[in-house]
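The primary structure of each chain is shown beneath.
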Amino acid sequence: MPRSLTFYILIAQRLGIAAVTLVIVSFAVFFATELLPGDVAQVLLGQAATEEAVAGLRQAMGLDEPAIWRFLSWLGGLATGDFGMSYVSNIPVAELISDRLSNSLRLAAVTTAISVPLALALGIGAAMWQGSLFDRAVSILTISVISVPEFMVATLAVLIFAVWLNWLPALSYGAEAGSFGAMLKAYAMPVITLGFVVSAQMIRMTRAAVIETINTPYVEMALLKGASRRRMVLGHALPNALGPIANAVALSLSYLVGGVIIVETIFNYPGVAKLMVDAVSTRDLPLIQSCAMIFCVSYLLLITIADLTAILSNPRLRR
Amino acid sequence: MTQQPLVSVRDLRIGAVTDAGRKVEIIKGLDFDIHPGEIVALIGESGSGKTTTALSLMGHCRPGCAITGGSIRVGRHDVAAMSESARAHLRGTEVSYVPQSAAAAFNPSKRIMEQVIEITDIHGLMPKAEAEKKAVELFRALALPHPDTIGTRYPHQVSGGQLQRLAAAMALIGDPELVIFDEPTTALDVTTQIEVLKAFKSVMAAGGIAGVYVSHDLAVVAQVADRIIVLKGGEIQEEGGTEDILHRPAHPYTKALLAAFEPVPHVPATRDKAPNEAPILQVEHLFAGYGAVRKGEPDVKILKDVNFRIERGKNLGVIGESGSGKSTLARAVAGILPAYRGAMKFDGAELRPDLQSRSKDQLRRCQMVFQLADTALNPAQSIEAILSRPLAFYHGLSGRAKAARVAELLDMVHLPAAMRHRLPGELSGGQKQRINLARALAAEPELILCDEITSALDTVVAAAILDLLKELQSELGLSYMFISHDLSTVEAICDEVLVMLKGEVVEQLPAARMAADAQHPYSRLLISSVPQLDTGWLAGLDRAG
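Bear in mind that the values here come from a model prediction, so they are computed numbers and not experimental data.

Quick notes on the overall build of chain A
Secondary structure assignment for chain A yields twelve helices and zero strands. Taking the principal axes of the C-alpha coordinates as reference, chain A spans close to 85 × 60 × 35 Å. Within chain A, the fraction of its 319 residues that count as buried is 35%. Residue pairs at least 24 apart in sequence account for 72% of intrachain contacts in chain A once pairs closer than 6 positions are excluded.

See the structure below:
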C-alpha cells in the first residue's frame, strides 16, 4: 500500500525514540546496580578477608576505575555482544544467559501463543454481545483474576493441580522434559499462571476499545445498512480499534517480563528471571545488569511494536 | 389521495430510560402517512423527537430507547413488530438512511467505494463490478467531481459537502423506496448546502423515491419537502402542505418557529462619545498561522493582512465559510494564538500578540466565549465554581462577596440563583451557553469575542441568547466581535460586518445594508446562498452547482 512521507517520518521518529530510550535505560540500569549495597570483592572473599586482599581483588576486577569509564566500556561490550564475565562463576555472562534465555523465551512464547488469541476472542466476543450473560461472566472472571496477585494464583494452582489432584508436578524442569506429554505437564502450571494474569488485562482493554468504536456513528451507519452484528464489530469497529488493542496487548505482554520473575521463582523454572534473582543474592553485577537489560529491551521492543502497529493502522497516513 | 400510502404510522410510542433509571415517553402517539414519491419533512427543535421518529421507520432506536406501542407499516411490513434480523433485511433495500454528519458516518479506515456498495454486498443484491458501476453513475448524478476515481479515496480525503453527497449515493445504491435524511446539510456551509440540496432533490425526483427529511431549518425544508410535520415534545403540533405551513400556520409553535426567521433590525447602541476616544480594538496588518515557526513565520499561514477597528459600544460581525479563518482571527485577538506580524491596539494601548506579555488588566477587559458550552465548561465543577474562578482571579473576591457576585451574574443572564449548585451536565444547551456568557461577564470585560455562540442552539433558543446579548450591551456598554456563519444572526446584532475568505478580509460592510452594498463576488455569493422561506428559492437560483 502506498504511504505518505509523513508516515515514514513518523516511523523513523518512533524508532529514534526507541534508540534514545535504550541508551537512557542502560545508563539507569548500570548506575542503579552500582548503588546496590555491599562490595563485590568483600562478598566474594568473605568476612575474614584482609583489607589488602579485598583491595587487590578490586583492582584485578577493574572496580577502582571511574564509574563512567566502566559504563562506557560496558555499553561498548553490550553493543558488540560481549556481556562481560560473571564475578561469581567466572564464566562469560553470555554463556550463562543463553540457555536460560531460550527457556524464558519459550515460556513467554507459549504463554503468548495461548493467551493472546484467547484474550482477543473473549474481549471481542464480550464487546459484540455487550450486556449478555457471556459478557458478564467474562467481566466477573477478569476482575477476579486481576484482583488476585500472581503468586497467589501460582500457589493456588500448585495446591489444586499438584497437591489435591496430583495431575501436574509442582516444579518445572522445562529444559529436561523428554516426551511431548512431559513437556506439556512441565509447562502447564507456569503457563496457566502467567496466562491468567496477562489475558485478564488484555480482555478488559480489548472489550473497552471495541465498545468505544461500536458507539461511533459509522458503526450505527453500518447497522442502518442492514449489517449483522458480526459484520458491524469485525468489519467496522475492529479495524479502528486495532491501535488501542495493540497497545493493550503490548502492555499486558510486557507484564510477562515482570510476572515471569515470580512464576519462575515459585515453580523453580530455569529461566532468566530465576538467574537474575540468584545473581542479586550473590552480588554478581555483570549478570544482574545483563538480565535487567534483557528485560528492558524486551519491554521496549513490545511497546515499539505496538506503537508501530498503531501508526500502520491509521488510515489518515495512507495515500 | 386514493393511492395506498407507502408508510403508515399509527399511535407510535417510544419510551426511554434516563440515566437515573426513570422511564419517560419521548414519542407520545404519532399518526402520519407518507405516500410513494412524497417528501415529508419532520421539523422541530432538539429534543422534539424528530430523529427518533425517523429512525423508528427503520426499526432502529438509539441505546436506551425502545418502541413501546403502536404500529409502523412500511410497504408490506410492520417494522414495530418485526425481529431485529428481519429488520436488517429491510435496511438499505427498502428504507435507507442519510446521516447528519457524513464525516462521522463514514468508517475512517475503509475506502469510500467499499462503503458505498456495502449494502449490495450485505443483501447480496448484485455482483461487485455491477455495484461499482452503479455507484459511479450515482456519483455522476449527484454532481460529484471525478466520479470514476472518487471511490478509491479514504473519507478524510474528500470535503464535507462531497461526503454528504457520497452518503446519499450510499443510501440510494440498494434502490430503496424510502430515504431518511437526518439533518443532512446542517453541518455544511451555506454555499455547499445549495449544491447538496440540489443534488438530493434531482436524484430523488428522478427515481420517484419517497423521503423523510428531518431538519430544524424551515427555510431548507421549504426547498425540498412536499409536506411538513411540526413536532414538539414528541407530539405532532401541526401537519400540512409546505406552502400552507409557511404562509398559513395555525399552531402557535409553528408561528414562533416562523417568527424566528423574521429579520430583527439591529438598533445601534446610542451613547455619548467622548472626544478623541480611541476605538476599543484596532487591528492593523495582522498575520497569524499554525505549526512550527521558521524564520518568524509559521508553516501554515491562515490570516493574511487583516485590518479592522471596533468602536466602543459597537459590534463587529465576522462571516465566512468554515476554514476562512474566522475563529483563527478571534484566537489571535484573544492572544491564544499569537499573531506573528501586525499590530493590535486595545483602547489606544498596544496589545501584545501573546497572552504572557499582556497585562492582567488587558486580559480582563477582553474575554472570549466559545462555540460549544459543552466542552468549554468543566463537567465536574458546579456552576458556582465555574463562575467563581474569574471572580477570584481578576477581582480577588472571596467568601460572601464572591457568592453575592455569582448570584448577580446568574441574574444578569436570566437564570435562577439556585442554579449555582448544579453541574453543567444538568443544564439545557441554552442554559449552558448563558453560563458560558456569565463566565465571560464575571471578568467585567469591555470587549467580548463571541465564536459561533448560537450555532449549536435551536432557532428559538438562539434568538433568546441574541436578545440577552443586546440587553447586556445596553446595560454594560459592551462591544462584541461576533463570529458566525449565519448571516441573519450577524445582521440581527452587528453594526459592521467583515467578510472573510481564505484568511483574508474581502470586504467590510455595514450590517444593515449587507445585501445592497456587497460588491465583492464572494460576499454576493455568500449572501445569495442563505435559504429563504420560499419554496421556489432553490429552483430560482441560476447558478451552476
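Having seen the structure, we can now continue with the description.
Concerning the nonpolar core
Residues and elements named next belong to chain B. Grouped together as the largest cluster of nonpolar side chains are 156 residues, with contacts concentrated most on L57, A169, L178, I180 and V212. Not counting the four nearest positions on each side in its chain, L178 is found in contact with L6, V7, I34, L57, V74, E94, V95, A210, G211 and V212. Of all hydrophobic cores here, the second largest spans 72 residues; its members include L316, C366, L498 and L501.

Looking at the interface of chain B and chain A
Chain B puts 22 residues into the contact, and the matching count from chain A is 16 residues. Looking at which element gives the most residues to the side of chain B that touches chain A, the answer is helix α5 (residues 118-122) of chain B, with three residues. Residue composition of the side of chain B that touches chain A, by class: eleven nonpolar, nine polar and two charged.

Points about the packing of helix α15 (residues 383-395) of chain B against helix α16 (residues 399-412) of chain B
Packed helices, taken two at a time, are described by their axes: the angle between them and the distance between them. Residue and element names in this part refer to chain B. With their axes 10 Å apart at the nearest point, α15 and α16 run at an angle of 115° to one another. Judged by the angle between their axes, α15 and α16 are roughly perpendicular. Handedness of the crossing formed by α15 with α16: right-handed. Residues E384, L387, S388, L391 and A392 of α15 touch α16, and the partners they reach there are K402, R405, V406 and L409.

Considering the confidence of the model for chain A
A low pLDDT means the predicted coordinates there should not be read in detail. Per-residue confidence for chain A gives a mean pLDDT of 82; residues scoring 70 or more make up 93%. Here helix α2 (residues 40-45) of chain A is the element of chain A with the lowest mean pLDDT, 70, and helix α9 (residues 217-224) of chain A is the one with the highest, 91.

Details of helix α11 (residues 272-281) of chain A
Among the residues of α11 of chain A, V272, A273, K274, L275, M276 and A279 of chain A are the ones counted as buried. A positive phi of about 55° marks R283 of chain A, the residue just after α11 of chain A.

Some remarks on the sheet that holds strand β4 (residues 65-74) of chain B
Residue and element names in this part refer to chain B. Reading across the sheet, the four strands line up as β2-β1-β4-β5 and stay open at both edges, with antiparallel pairing between neighbours. The open sheet is flanked by β2 (23-34) and β5 (77-78), the only strands paired with a single partner. Note that strand β1 (residues 7-17) and β2 share nine bridges and pair antiparallel. If you follow V9 over to β2, its bridge partner there is F32.

Some words on the sheet that holds strand β16 (residues 366-369) of chain B
Residue and element names in this part refer to chain B. Taken in spatial order, the six strands make up an open sheet running β16-β17-β18-β13-β19-β20, and their pairing is mixed. Two strands in the sheet have a free side with no partner beyond their single neighbour: β16 and β20 (504-510). Ignoring which end each strand starts from, the neighbouring axes of this sheet average 20° apart. As judged from the four bridges shared by β16 and strand β17 (residues 447-451), these two strands associate in the parallel manner. Each residue of the ladder has a partner; that of Q367, found in β17, is I448. With respect to the sheet, helix α17 (residues 429-442) is in contact with β16 and β17, its orientation differing from that of β16 by roughly 170°.

Thoughts on the confidence of the model for chain B
Here chain B averages 86 in pLDDT, while 97% of its residues score no lower than 70. The ipTM value of the predicted complex is 0.76, and its pTM value is 0.77.

About the cut-offs
- Residues numbered from 1 in each chain as written.
- Chains lettered and ligands numbered in written order.
- Predicted model: local features only at pLDDT ≥ 70, side-chain atom pairs only at ≥ 80, totals over all residues.
- Helix = DSSP H or I, 4+ residues; strand = E, 2+ residues; numbered from the N terminus.
- Buried ≥ 20, exposed ≤ 12 C-beta atoms within 10 Å, placed from the backbone.
- Contact = placed C-beta atoms within 7 Å.
- Core = buried A, V, L, I, M, F, W, Y, C linked by C-beta atoms within 7 Å.
- Nonpolar A, V, L, I, M, F, W, Y, C, P; charged D, E, K, R; others polar.
- Axes fitted to C-alpha atoms, helices over the stretch in contact; angles between N-to-C directions.
- Parallel < 35°, antiparallel > 145°, perpendicular 65-115°, else oblique.
- Left-handed = near helix turned anticlockwise from the far one by under 90°.
- pLDDT = per-residue confidence, 0-100.
- Pairing = 2+ DSSP bridges.

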